[in-house]
Amino acid sequence: MHIVHTIAELRHALRHAQRPAFVPTMGNLHAGHLALIAQARPLGDATVASIFVNRLQFLPHEDFDSYPRTWEADCAQLQAAGCDVLFAPREADLYPEPQTFKVAPDPALAELLEGQFRPGFFTGVATVVMKLLSCVFAGKPHGAAVFGRKDYQQLMVIRRMVQQFALPVEIVAGDIVRADDGLALSSRNGYLSASDRARALQLSQALRALADAASAAPDLPARCAGLEQHALQALAALGWQPDYLAVRRRADLRPPAPGDAPGHLVALGAARLGGTRLIDNLEF
Ligand code: PAF
C-alpha cells in the first residue's frame, strides 16, 4: 500500500489508474470502514482510502480535537484489507490556504435533521468531499466512491452534489455494519462508558418501535408527528437526550405525505447517551 500525503503524490500514485474506487474516512477504522473497502475493491482498478479529520465539519464545541486518531492501527487494517493507496493529507496539504470557497448543499436537504442540530455540518462535509473527489478523480474517465448508509443524510447530500455538479463518479452505498448486539458501528462508540455501551442499542430499538408504529398507523401523515413525539419521550425516559427521532420519505427526507407507504420510508434518529452523540437509521 502506498501512503501519500500531498495531492501531487496522490495523483502520481494514481497515474495509471483509469477507474479509481475511493473510500473517504476520518480514520479510527472499524469493521464498517473495512466493509466499504471490500465493497470498493471490485469497482475499480485501484482502491484508494483517505484519512482526514475535517475541521470544517465540526462545530466549535464538538470533538474535533479529541476525535480518535489511530494512525498505526488504521494503516495496518487498510493494508490487510487490500487497499492500494492511502491518502492522508495533513491539514496544510489539503487546505494550503484557507478554504474560503465552500460547497453549499441544498438547504431543503441539508438543513433538516442533522443539519438542524449541527448547522454548517453538511457544508463542511460537501466541501471536503468535493475536494477529495477532485484530488482522486481529476483527469480520470470514471470512478466510484463508497459511503456508508449509517450516515444516511450525508449519503443523500453527496449523491445530490455529485449529480448536480455532473461529476464522473458513481456514488455507491454501503450497508450499516452492526455489532453482535445490533449497535451500528461508529468511531464514536469508543467514547461510551461500559454501562452506556450496554444500553446503547436502545436508540435502534426506539427506531424499530417507531417504524413499527408508523407501519401500523392508518393515517400516517396526520399521526407521524405524534408518533415521533412519543418515541422521543420514551427514549428520554430511558436517560437519553434525543435530538430527533423522525419518520421520513427515503426520496427527499420530507415527512410522509398521503400515499407514502412503508417500503419508501426511513426512521432516523440522533441522541446523546452520557456525553456521546449516536445516530442510526432504519429503512422500512
Ligand atoms: O463520514 C465520514 O467519515 C466523513 O463525514 C467524511 C465523508 C469522510 C468526510 O469528512
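Look above for the structure.
Residues numbered from 1 in each chain as written. Predicted model: local features only at pLDDT ≥ 70, side-chain atom pairs only at ≥ 80, totals over all residues. Heavy atoms only, no water.

### Let's talk about the site of the ligand
The full set of residues close to the ligand is Pro24, Thr25, Met26, Asn54, Gln57, Val128, Phe147, Asp151 and Gln154. The side chain of Gln57 places a nitrogen or oxygen atom 2.7 Å from an oxygen atom of the ligand. Contact distances for the ligand include 2.8 Å between an oxygen atom and a side-chain N or O atom of Gln154. Compared with its free state, where it exposes 290 Å², the ligand has 89% of that area covered by protein. The cavity where the ligand resides is the largest pocket. The residue makeup of the shell around the ligand, split by class, is four nonpolar, four polar and one charged. (Near = heavy atom within 4 Å. Polar contact = N/O pair within 3.5 Å; in protein donor to acceptor, adjacent residues only side chain to side chain. Areas by Shrake-Rupley, 256 points an atom, 1.4 Å probe, with all protein chains shown as cover. 1 Å grid on protein atoms, 1.4 Å probe; cavity = no way out; pocket = protein on both sides within 12 Å on 5 of 7 lines; lining within 4 Å. Sits in = over half its atoms within 2 Å of the grid points. Nonpolar A, V, L, I, M, F, W, Y, C, P; charged D, E, K, R; others polar.)

### Side note on the layout of surface pockets
Left-over empty space is what a probe sized like a water molecule reveals as it rolls over the atoms. In this structure, the largest pocket encloses a volume near 910 Å³. Of all elements in the fold, only strand E2 (20-25), helix H2 (31-40), helix H7 (121-137), strand E5 (143-148), helix H8 (152-164) and strand E9 (276-283) reach the threshold of two or more residues within the lining of the largest pocket. Per-element accounting of the lining of the largest pocket gives the leading share, five residues, to H7. Tallied by class, the residues present in the lining of the largest pocket amount to 20 nonpolar, 15 polar and eleven charged. One number sums up the size of the second largest pocket: a volume of about 280 Å³. Taken together, 17 residues form the lining of the second largest pocket, with Ile51, Phe52, Val53, Arg69 and Pro89 sitting closest to its centre. (Points joined across faces, edges and corners; volume = space filled by probe spheres on them. Helix = DSSP H or I, 4+ residues; strand = E, 2+ residues; numbered from the N terminus.)

### Details of the packing of helix H10 (residues 202-216) against helix H11 (residues 220-237)
Contact geometry of H10 with H11 gives a least axis separation of 10 Å together with a crossing angle of 155°. The orientation of H10 with respect to H11, classified from their angle, is roughly antiparallel. The two elements H10 and H11 cross, and the hand of that crossing is right-handed. Note on element contacts: H11 touches H10 through Leu220, Leu227, Glu228, Ala231 and Leu235, opposite Gln202, Leu203, Ala206, Leu210, Ala213 and Ala214. (Axes fitted to C-alpha atoms, helices over the stretch in contact; angles between N-to-C directions. Parallel < 35°, antiparallel > 145°, perpendicular 65-115°, else oblique. Left-handed = near helix turned anticlockwise from the far one by under 90°. Contact = heavy atoms within 4.5 Å.)

### Thoughts on the side chain of Ser186
Looking at the element boundaries, Ser186 is found in the loop between strand E6 (169-174) and helix H9 (194-198). In this structure Ser186 touches His30 and Lys150, once residues within four positions along its chain are discounted.

### Remarks on the nonpolar core
With 48 residues, the main nonpolar core has Leu10 and Leu253 as its most contacted residues. Counting residues per element, this core draws most heavily on H7, at twelve residues. Beyond its immediate sequence surroundings of up to four residues, Leu253 is in contact with Leu109, Leu112, Leu113, Tyr152, Gln153, Met156, Arg248, Val266 and Leu268. The next biggest cluster of nonpolar side chains, apart from the first, holds 24 residues, and it includes Leu183, Leu207, Ala214 and Val247. (Core = buried A, V, L, I, M, F, W, Y, C linked by side-chain atoms within 4.5 Å. Buried < 20%, exposed > 50% of the residue type's maximum accessible area, 1.4 Å probe, protein only.)

### Overview of the environment of Gln205
Within the fold, Gln205 resides in helix H10. On the basis of relative accessible area, Gln205 is assigned to the partly exposed category, the value being 46%. Sequence separation between Gln205 and Gly182 is 23 residues; the distance between their C-alpha atoms is 9.2 Å.

### Examining unusual backbone geometry
Here the phi dihedral of Asn28 falls at roughly 50°; this positive angle occurs in a residue that is not glycine. Locating Asn28 in the fold gives a position in the loop between E2 and H2.

### Points about empty space enclosed by the protein
Applying the stated criterion across every chain yields a total of two cavities of 30 Å³ or more. If you add up the space inside the largest cavity, you get close to 100 Å³. As for the largest cavity, its lining consists of 14 residues, and the residues nearest its centre are Glu114, Tyr152, Gln153, Tyr244 and Ile279. Broken down by secondary-structure element, the contributors of at least two residues to the lining of the largest cavity are H7, H8, strand E8 (265-273) and E9. When grouped by side-chain class, the residues that make up the lining of the largest cavity number six nonpolar, four polar and four charged. The computed volume of the second largest cavity comes to approximately 60 Å³.

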